[in-house]
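A structural walkthrough
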Amino acid sequence: MAASCGLGRETAGLCKAVFAFSLILAVVILLTTPPRVSPLVPLPWGYIGAGSLLAALTVVVRLMAAAIPLFLVFYVTKMNDLTNAAVKQLHVPYKYAFTFTSTVHFIPVFMNDMAGIMEAQTACGVEFDGSFAKKVRLMIPLCVPLLVSSVRKTNSAAIAAEVRGFNLRTRTSGYKDYPLHAEDFVALAVCV
């Protein structure tokens, strides 16, 4: 899917990040899941068993299988089209569909704004290097004004969407129609 979209490099980077995060989760699961089958490695508080290995592997595979296609969908599909498709095809109320897509849009905007603030703070002499606790202490005071400004941006986006002509009464807009076809159901069955 990534190659057909021309997003091979971006997807490879995401795969690395998701794999690293899933490995952290896998280690936590390995160390905390009680063994269901034969114990393999003794630990001071229990054992690493075949069941915990299977649970850790399942988490890694599920996270990769869910995150990569979701990333591709969000990367190549306009948020307005996602909202319209959710309203027309899934019959989700517009306010919920818009809230979801606004939240998805809000995350990269928030991260870009935070990166800009951190660069400005670094230019002023604040050092974000060091322990994780130190970084968190330095970033928490920056989050409150960032959240306020991001909520204002989201509110402005909601007003702009209403002005663009989404009709709340009929739940339709002037945008594209996305009917489901047989190949869509085949693709969903393959994913499941």
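Figured I'd write up the structure that's included with this text. (Residues numbered from 1 in each chain as written. Predicted model: local features only at pLDDT ≥ 70, side-chain atom pairs only at ≥ 80, totals over all residues. Heavy atoms only, no water.)

Moving on, we come to the nonpolar core. Counting residues in each nonpolar core, the largest one holds 6 residues, listed as Ala26, Ile29, Leu30, Ile48, Ala56 and Val60. Secondary-structure elements contributing two or more residues to this core are helix 2 (8–32) and helix 3 (50–76). Counting residues per element, this core draws most heavily on helix 2, which supplies 3 residues. Setting aside anything within four residues of it in sequence, one finds Leu30 in contact with Ile48, Ser52, Leu53 and Ala56. Core analysis: the next-biggest nonpolar cluster, separate from the first, contains 5 residues, Val87, Tyr94, Ala97 and Phe98 among them. (Core = buried A, V, L, I, M, F, W, Y, C linked by side-chain atoms within 4.5 Å. Buried < 20%, exposed > 50% of the residue type's maximum accessible area, 1.4 Å probe, protein only. Helix = DSSP H or I, 4+ residues; strand = E, 2+ residues; numbered from the N terminus. Contact = heavy atoms within 4.5 Å.)

Our next topic: the pattern of salt bridges. All told, the structure shown has 1 salt bridge when counted by the stated rule. For Arg9, the salt bridge goes to Glu10, with nearest N and O atoms at 4.0 Å. A relative accessible area of 70% means that Arg9 is categorised as exposed. (Salt bridge = Lys/Arg side-chain N within 4 Å of Asp/Glu carboxyl O.)

Right, let's get into the packing of helix 4 (residues 79–88) against helix 5 (residues 94–123). The contact between helix 4 and helix 5 brings their axes to 9 Å, and the two run at 150°. Relative to helix 5, the element helix 4 lies roughly antiparallel. When the axes of helix 4 and helix 5 are compared, the crossing they make is right-handed. For the pair helix 4 and helix 5, contact is made by Met79, Leu82, Thr83, Ala86 and Val87 and by Tyr94, Ala97, Phe98, Thr101, Val104 and His105, respectively. Counted by class, the contact of helix 4 with helix 5 contains 8 nonpolar, 3 polar and no charged residues. (Axes fitted to C-alpha atoms, helices over the stretch in contact; angles between N-to-C directions. Parallel < 35°, antiparallel > 145°, perpendicular 65-115°, else oblique. Left-handed = near helix turned anticlockwise from the far one by under 90°. Nonpolar A, V, L, I, M, F, W, Y, C, P; charged D, E, K, R; others polar.)

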